[in-house]
Structure formats: structure tokens, C-alpha cells
Amino acid sequence: MTRAFNFCAGPAALPTAVLERAQQEMADWQGKGLSIMEMSHRSKEFVSVAEKAEQDLRDLMQIPDNYKVLFMQGGASSQFSMIPMNLLRGKGKADYICTGQWSKKAIAEAKRYCDVNIAATTEANNFTSAPSQDELTLSADAAYVHYCPNETIGGVKFDYIPDTGDVPLVADYSSAILSEDIDVSRFGMIYAGAQKNIGPAGLCVVIIREDLLADADAMLAGTPTMFSYKVAADNGSMYNTPPTYSWYLSGLVFEWLKQQGGVAAIADINRRKAQKLYDFIDGSDFYANPVAKHNRSIMNVPFTLKDAALDKTFLAESEAAGLLNLAGHRSVGGMRASIYNAVPEAGVDALIQFMAEFAAKSS
Ligand SMILES: *Cc1c(COP(=O)(O)O)cnc(C)c1O
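As the structure is a computational prediction, the values presented were derived from the model and not from experiment.

### A look at the nonpolar core
With 88 residues, the main nonpolar core has L178, I207, L277, Y287 and F314 as its most contacted residues. Summarising the domain contributions, this core has at least three residues from each of domain 1 (17-259) and domain 2 (262-362). When sequence neighbours within four positions are dropped, the list of residues in contact with L277 reads V301, A337, I339, V348, L351, I352 and M355. Membership of the second largest hydrophobic core comes to 30 residues, among which are M82, A106, Y191 and I208.

### Comments concerning the UniProt feature "modified residue: N6-(pyridoxal phosphate)lysine" (unreviewed entry) in the protein
With numbering aligned to this structure, UniProt lists the feature "modified residue: N6-(pyridoxal phosphate)lysine" (unreviewed entry) at K196. Relative to the assigned elements, K196 resides in the loop between β9 (189-193) and β10 (204-209).

### Digging into the site of the ligand
The local shell around the ligand consists of G75, A76, S77, F80, W102, C148, T152, D172, S174, S175, Q195 and K196. A total of 390 Å² of accessible area belongs to the ligand in isolation, and the protein chains cover 87% of it. Grouping the constituent residues of the shell around the ligand by class yields 4 nonpolar, 6 polar and 2 charged.

### Examining the domain arrangement of the protein
As assigned here, the protein comprises domain 1 (17-259) and domain 2 (262-362). Averaged C-alpha coordinates put domain 1 and domain 2 at centres separated by 27 Å. At the junction of the two partners, domain 1 supplies 25 residues and domain 2 supplies 26 residues. Across the domain 1/domain 2 interface, buried area totals approximately 2000 Å², and carbon plus sulfur atoms make up 54% of it. Mapped by element, the contributors of at least two residues to the side of domain 1 that touches domain 2 are β7 (156-157) and α6 (244-259). Along the lines of polarity and charge, the residues of the side of domain 1 that touches domain 2 split into 9 nonpolar, 10 polar and 6 charged.

### Examining the pairing of strand β3 (residues 93-98)
With respect to burial, β3 is a largely interior element, 5 of its 6 residues being buried. Here β3 pairs with strand β4 (residues 115-121) via 6 bridges, running parallel. Opposite I97, over in β4, you have A120 as the bridge partner. Running through helix α4 (residues 101-110), the crossover from β3 to the neighbouring parallel element β4 is right-handed. In terms of strand pairing, β3 meets strand β5 (residues 145-147) through 2 bridges, oriented parallel. Note that in β5 the partner of Y96 across the bridge is H146.

Rules behind the numbers
- Residues numbered from 1 in each chain as written.
- Predicted model: local features only at pLDDT ≥ 70, side-chain atom pairs only at ≥ 80, totals over all residues.
- Heavy atoms only, no water.
- Core = buried A, V, L, I, M, F, W, Y, C linked by side-chain atoms within 4.5 Å.
- Buried < 20%, exposed > 50% of the residue type's maximum accessible area, 1.4 Å probe, protein only.
- Domains from an automatic or database assignment.
- Contact = heavy atoms within 4.5 Å.
- UniProt positions renumbered as here; feature names shortened; annotations may be inferred.
- Helix = DSSP H or I, 4+ residues; strand = E, 2+ residues; numbered from the N terminus.
- Near = heavy atom within 4 Å.
- Areas by Shrake-Rupley, 256 points an atom, 1.4 Å probe, with all protein chains shown as cover.
- Nonpolar A, V, L, I, M, F, W, Y, C, P; charged D, E, K, R; others polar.
- Buried area = accessible area lost by both parts, 1.4 Å probe.
- Pairing = 2+ DSSP bridges.
- Right-handed = clockwise from strand over helix to strand, strands pointing away.

What follows is the structure in C-alpha cells.
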């Protein structure tokens, strides 16, 4: 077996050890004579897998007891509608901070349901920074404040958690969950599509403070039952058949992360990986990254080549060298190396070496 280094933004690299374990258990899960995919989601076997996954995530993130953990479907994008449907609770307005393409998508969807106050936007500098706390224009009557702590496309990260007073803070943590320790109690709700730092695509993890679970009569009229956080919470995320295999595999990733020493340990590695790559880019006159230094993502590192005419050659040669999926998002071009938890430090070292050689022969 040869495993390339995969820098895809999502679906992204998974730990090889996790894939090997899943392979081992694929046809006959723990001697039961069937795969996890073929089991009832209500069997005691699957329920134990599901509960362990939740407990491991709670341990990893130190999630307080007054928060529910939901394993939902429809990716992170479905949350863009579920959030207003569940969290407006009779109010007509929400605050959104706009720092890039994912913020914009969340805002466009929220506008279908309520007045959106843009508390700050960095569009004027082409989304190359995050606003500071004193640049936020928050409304006292907002139902919640939404932001994206790590913009996956622009590679922009907040270096602080916004203070929103009593207004619940909602965070799209899709591309940075479990990459560094965060204080969950600062948030009303955290959500993350699984395919970046958790597991297979389709699953979305929602961590929500219990007092925000709206009853049916507090939901926006016409909200589908399947879109209710309270229904999901009351049914242990099994109101219908959940994506059992994705849930199981995410559980294996959580176990793996615990074996690595947990979030604090992986965060040290993540910061070191990112620092190396940014130092190399900053020290070169061939590559560039436009993001303000204190707002640089440690998960997604976009960069450009001195001459965009070399992009195609760079991509072809990096792929041939076993460094996959380095093309930037279709909306911005250039390159992007996503260096999530499962991308080993050796992958970053190999990338830097390739970039140095490419620059030397192309300059
Ligand atoms: C990938 C991503 C999404 C979209 O996730 P889907 O599961 O494809 O809906 C949303 N927000 C952020 C920050 C992302 O990185």
C-alpha cells in the first residue's frame, strides 16, 4: 500500500491507522458476523459505538454537561438554514460577521428567514484578515451572532473568540474543530461538517447549549421536523436512520486523537506544521500568502506562485511527487495546502521540499 500526502480541503485526509482499523472490521465487526453498515442503528452494538463516539468527543473538547452533541446530516450547509429556523425563537434579526466565502453562504441563507445585520465584513481587503472585537457592530436585539472562526477558502482565522454578551455565539467550526483547544462554554452553538477534521462527508456535528433547543412552537413556522435540534436531541440523533458508518468512523478518529494525546497535543503539532510552511513561504520571493499574520489559519494555507502561468505545471508535478490536491478553491485560484490533523508533519516537510525545488528550477 502506498499512501500519498493529501492536502485536500475536504473531503480530506483521514489517519491511515483509522482506515486500517476500519478495513480490518469491515466485513465482520468485532466477531458479530456483519459490518457496522449492515446493523440496526438501534442495536445495542451500534448504540454503544455511537455513545462512545459522543463521549470521546466530549472528553476531547471538554464539552460541558449543559450542551447536547448532535450527529446530524446534510453537511454544514444545511446548518445555514437550520440555525435561523431554530435559533431566531421569535426574534426577527441576527448578526453575522463576514470573513469569506463560507460566511457569505451562511448570510445568504439566513436572509431568507430574517433581517441580517452584518456586524463586520472584511470584503474590502478581499477577506485577508478578521475584524477585531472593537470593529464589530453588534445589535442588542439580535437572536444570535454567527461567524466562521476559520475560513477554509481564504485561510483566515480569528485569533480570539468574539464577546457577544448575552447574545448566543454560533460558530461554523467545520475546518478547525479539534485543531486547537477552545472553551466551548463561550458558545451557544458550534457546528462542523465532518469531512475536514472529523470523518466522512455528510455527517455534521452540532454542539448546542440546552437552553437554546427551541420547542416546536418556538421554531420558525413550517420548519421540517428533521431540521429541529430539539427533535434530534430528544431522540439521541436517531429520529430517523443516522449515517451510521460516518458516525462509526468519526468515533475511530476521536479514539485516534485521544491516542495522539488529545487536542492540546495535536495543536502543538498543527502550529508547528503551519509555522514551517508560512516561514518557508514568507522567506521565498517565489511564493506568497496574502493573509494578515495574526489571522493566518493553521489548517488551510493558501499561496500563490510568482507567475500564475506556472500553476498547471506546479500542480502536475506535485501530484506526480505524491502531493495531492494542492489547487486553490475554484473561486480564488492559486494553491492551497490543507494541513488538517490527519496530515502528518512529514507531509508538510515533503511539500516544503517540493516547493523549494520547484522554485529553484523555475526562477
Ligand atoms: C466545508 C465547509 C462547509 C460546507 O460543508 P458541507 O458539508 O459541504 O455542507 C461550510 N463551512 C465551512 C467553514 C467549511 O469549511
